[in-house]
Amino acid sequence: MLMQDQTHTVLCVVGARPNFMKIAPIMRALHAHGGLRPRLLHTGQHYDDDMKRSFFEQLSIPQPDVDLGVGSGSHAVQTAEVMRRFEPVLDSENPDVVLVVGDVNSTIACALVAVKKQVPVVHVEAGLRSFDRSMPEEINRVLTDQISDVLFTTERSAKINLVHEGVAPERIHFVGNVMIDTLLHHVERAIPAAHTLQDYGNTALEPYGVVTLHRPSNVDDPHMLRQLLEVLRQASDRLPLVFPLHPRTRARIEEAGLLRMLDTPRISITRPLGYLEMLGIMVRATLVLTDSGGIQEETTALGVPCLTLRENTERPITVEQGTNTVVGTDPQRIYRAFTDIIEDGGKAGCVPELWDGKAAQRIATTLSAWLAARAAQDQQVPSKRKVNI
Ligand code: UD1
């Protein structure tokens, strides 16, 4: 039998909440594509039910074949622990390729183990750059891209960044945005905001804004955190706010003794929401204030104005074409941009190229062709690959 006819095993890695929305359509597309055998590995970086279980259920992600159960820790401890636990699994799974998504610690940890074992690495969402190396995610992105064999991008600027860093253009494939595949697949099933907010004693909130904050640069410094909470409190006098609290953010607010600043009926604090709840809240929002990467893209796809409370974005297309404005963290600037949107409606924006719900299918097709070509090459030149180091 020819190698091209063989089934190729793709070991897909997830670790943290934003990975789940990305992997769901990829698992579906790989399953549907003949000749590919997807396996799912969860590192356990995010482990709380709020941060994990509901996403698997709502997005119909298959139960992981392997769960490394690493949990939290410093960056070094978390990354090292994923690497330590991943290595023997990689040996026993013996995949043809390891597929990683996004920019979290699990992404770089698994990519690094794979490349050192000479297992090819596929990176989905490659080439995004904030050019801010104080962001842990930026380090993860740059390093993962350098050691990946196949790089799938969400916007055209990513290829420019990658080529500039010396990545061979033929490795780069512009396929669109798998996060938006998930959004389009589920938007009709989004849970209405009124239903979700009922659980928090708030049913008649519309119109409202949504807030998410979790970046270390915004929440780990008590002074910065206080400033941001102050401007949110001020903004809530103009528009009620819904604020799902990330565990890191809740912990920092409690440690800094700032919880009372959110004690107003104009701000609805919730637990981290499930995917369908969050989508239902965002789709009806007047605007979103966030420091998340994924939410900048989701609001652009939904046409909801977004204010990004960071000094930069690695997703420039959301500003150039979408509804996103990067406002930084200066309270006055945030408040001015906020009132501008309330009074004038904010940017209209359009949906970027190839954010059409078919990115995962393009990934499956391209990856399958790449694996077949590689297998054919191996047949011609006996390979030294898969030597265990
Ligand atoms: C991680 C990602 C970030 C992503 C974010 C989404 C990295 C470097 N960062 O940040 O890019 O945007 O996920 O949430 O990988 N915690 C819990 N329960 C959990 C998980 C975390 O309580 O299930 C708490 C722990 O106190 C932990 C803290 O949250 O120490 C931070 O978790 P961690 O995985 O280190 O990073 P995130 O801030 O979530």
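What you see is a predicted model, and the numbers here were worked out from it, not measured in a lab. (Residues numbered from 1 in each chain as written. Predicted model: local features only at pLDDT ≥ 70, side-chain atom pairs only at ≥ 80, totals over all residues. Heavy atoms only, no water.)

Peer 1: What should I look at first to understand the packing of aromatic side chains in this one?
Peer 2: In this description, an aromatic ring pair is defined by two values, namely the gap between the centres and the angle between the planes. Scanning the entire structure with this criterion turns up three aromatic pairs. Taken together, a centroid distance of 6.1 Å and an interplanar angle of 45° make the contact between Phe 20 and Phe 55 tilted. Residue Phe 20 is located in helix α1 (residues 17–32), and its partner Phe 55 is located in helix α2 (residues 53–58); the two are separated by 35 residues in the primary sequence. Under the relative-accessibility criterion, Phe 20 is labelled buried at 0%. Assessed through its relative accessible area of 2%, Phe 55 is described here as buried. Between the aromatic rings of Tyr 335 and Phe 338, the centroid separation amounts to 6.2 Å while the plane-to-plane angle is 25°, which identifies the pairing as stacked. On the criterion of helical spacing, the pair formed by Tyr 335 and Phe 338 is a turn pair, its members being three residues apart in helix α15 (residues 331–344). (Phe/Tyr/Trp six-rings, centres within 6.5 Å; stacked < 30°, edge-to-face > 60°. Helix = DSSP H or I, 4+ residues; strand = E, 2+ residues; numbered from the N terminus. Buried < 20%, exposed > 50% of the residue type's maximum accessible area, 1.4 Å probe, protein only.)

Peer 1: Sorry if this is basic, but what is going on with the environment of Arg 189 here?
Peer 2: Looking at where Arg 189 falls in the secondary structure, it is placed in the loop between α7 (178–186) and α8 (193–198). A polar side-chain atom of Arg 189 sits 2.9 Å from the main-chain carbonyl oxygen of His 185. (Polar contact = N/O pair within 3.5 Å; in protein donor to acceptor, adjacent residues only side chain to side chain.)

Peer 1: Which parts of the structure should I look at to understand helix α12 (residues 275–283)?
Peer 2: One full turn of an α-helix is made of 3.6 residues, so residues set three or four places apart face in the same direction. Burial within α12 is extensive, with eight of its nine residues counted as buried. Listed in full, the buried residues belonging to α12 are Tyr 275, Leu 276, Glu 277, Met 278, Leu 279, Gly 280, Ile 281 and Met 282.

Peer 1: Would you mind showing me how to read the site of the ligand here?
Peer 2: In the vicinity of the ligand, 19 residues are found, and the nearest of them are Gln 45, His 46, Glu 137, His 214 and Arg 248. The separation between an oxygen atom of the ligand and a polar side-chain atom of Gln 45 is 2.8 Å. Between an oxygen atom of the ligand and a side-chain N or O atom of His 214, the distance comes to 2.8 Å. Taken by itself the ligand offers 740 Å² of open surface, and the protein chains cover 86% of this. Among the elements of the structure, α1, α3 (75–93) and α11 (247–255) are those that each provide at least two residues to the shell around the ligand. Taken together, the residues of the shell around the ligand sort by class into six nonpolar, eight polar and five charged. (Near = heavy atom within 4 Å. Areas by Shrake-Rupley, 256 points an atom, 1.4 Å probe, with all protein chains shown as cover. Nonpolar A, V, L, I, M, F, W, Y, C, P; charged D, E, K, R; others polar.)

Peer 1: How do you make sense of the sheet that holds strand β7 (residues 172–174) when you look at a structure like this?
Peer 2: The pairing of strands in a sheet comes from backbone hydrogen bonds and takes either a parallel or an antiparallel form. The strand order across the open sheet built from seven strands is β3-β2-β1-β4-β5-β6-β7, with neighbouring strands paired in parallel fashion. Of all strands in the sheet, those bounded by a partner on one side alone are β3 (66–67) and β7. Alignment of strand β4 (residues 97–101) against strand β5 (residues 121–124), held across four bridges, turns out to be parallel. Paired with Leu 99 across the two strands is Val 122, which belongs to β5. (Pairing = 2+ DSSP bridges.)

Peer 1: Help me understand the pairing of β5 in this model?
Peer 2: Two faces make up the sheet, and in a regular strand the side chains alternate between them. Burial of the side chains of β5 extends over both faces: Val 121 and His 123 are buried on one face and Val 122 and Val 124 on the other. In this fold, β4 hands off to helix α4 (residues 105–116), which returns the chain to β5; that crossover is right-handed. As paired elements, β5 and strand β6 (residues 150–153) share three bridges and run parallel to each other. Among the inter-strand pairings, Val 124 is bridged to a residue of β6, identified as Phe 152. Considered for its hand, the β-α-β crossover made up of β5, helix α5 (residues 136–146) and β6 is right-handed. (Right-handed = clockwise from strand over helix to strand, strands pointing away.)

Peer 1: Is there a simple way to explain the state of the cysteines in this structure?
Peer 2: Here is the idea: a disulfide is a covalent bond, and it sits between the sulfur atoms of two cysteines. Taken as a whole and assessed by the stated rule, the structure comprises zero disulfides. The cysteine Cys 12 is free of any disulfide, with Cys 110 supplying the nearest cysteine sulfur at 11 Å. The structure places no disulfide on Cys 306, whose sulfur is separated from the nearest cysteine sulfur, that of Cys 350, by 15 Å. (Disulfide = S-S within 2.5 Å.)

Peer 1: Help me out: how do you make sense of the domain arrangement of the protein chain in this one?
Peer 2: How large an interface is tends to be reported as the accessible area lost when its parts come together. Split into domains, the protein chain comes out as domain 1 (8–176 + 355–380) and domain 2 (192–344). The interface is formed by 23 residues belonging to domain 1 together with 20 residues belonging to domain 2. Summed over both sides, the interface of domain 1 with domain 2 buries roughly 1800 Å², with 55% coming from carbon and sulfur. Three residues stand out in domain 1 for area buried against domain 2, namely Asp 50, Gln 58 and Trp 355, and they jointly supply 30% of the buried area on that side. Counting across the domain 1 and domain 2 interface gives four salt bridges. (Domains from an automatic or database assignment. Contact = heavy atoms within 4.5 Å. Buried area = accessible area lost by both parts, 1.4 Å probe. Salt bridge = Lys/Arg side-chain N within 4 Å of Asp/Glu carboxyl O.)

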